[in-house]
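Fold and geometry: a report
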Amino acid sequence: MRKAEGAAVPRQVYVLLLVACQCVCVLGCGPHYEYAMEEFCLARFRLDMLEMEQSHWCHWEETLEAYSELTNCTYLVALKMDCFWPNRLVDDFFIRVHRHYFYDCSLTGRTLKDPPNHILGPFIVVPVMVTLLMTALVVWRSKRSEGMV
């Protein structure tokens, strides 16, 4: 019984040591890594987004190249600085980018708009007509069935 307890302690120590090493490595990528992402990656992305009209920011086909370059840049900066990628700092960085550039975009990446009237019209008219027809049929049937038993 004691032998099993003694074997479990080194595993726990190993896991804790591994987690501590990873935390120290990620924390070591703090301000310098954030500064590098801002100066090298975000600066280029800003220029790319300024070249395109703001109304096109939600069109994935048009922003794909700039966004891919931004992602690749953060990865390369992480490699050069011996940081893990992705990490919490990268996640926070991309959340800030999305809040600034893509805050008004739908989940599909396409801007939402109403369909044309020739498509929308039948979806409105048909149910209204069916409702009126069924109401008229019920009234007509109830008046006609007075003579029936």
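Attention here is on the structure that accompanies the text.

Criteria and thresholds
- Residues numbered from 1 in each chain as written.
- Predicted model: local features only at pLDDT ≥ 70, side-chain atom pairs only at ≥ 80, totals over all residues.
- Heavy atoms only, no water.
- Salt bridge = Lys/Arg side-chain N within 4 Å of Asp/Glu carboxyl O.
- Helix = DSSP H or I, 4+ residues; strand = E, 2+ residues; numbered from the N terminus.
- Buried < 20%, exposed > 50% of the residue type's maximum accessible area, 1.4 Å probe, protein only.
- Core = buried A, V, L, I, M, F, W, Y, C linked by side-chain atoms within 4.5 Å.
- Contact = heavy atoms within 4.5 Å.

Scanning the entire structure with this criterion turns up four salt bridges. For the salt bridge of R44 with D48, the shortest nitrogen-to-oxygen distance reads 3.3 Å. Of this pair, R44 and D48 are both found in helix α2 (residues 31-51), four residues apart, which corresponds to roughly one turn of the helix. Relative accessible area serves as the criterion here: at 13%, D48 is assigned to the buried category. Close ionic contact of R44 with E69 constitutes a salt bridge, the shortest N to O distance being 3.9 Å. Taken together, the residues span a long stretch of sequence, with R44 in helix α2 and E69 in helix α3 (residues 60-80) at a distance of 25 residues.

In terms of nonpolar packing, the biggest core is built from 24 residues, with Y33, F45 and V97 touching the most fellow members. At the level of secondary structure, the elements contributing two or more residues to this core comprise α2, α3 and α4 (88-101). Per-element accounting of this core gives the leading share, seven residues, to α2. Contacts of Y33, omitting those with residues within four sequence positions, involve T74, V77, A78, M81, C83, W85, N87, L89 and V90.

Read these as spatial facts, not as claims about activity.
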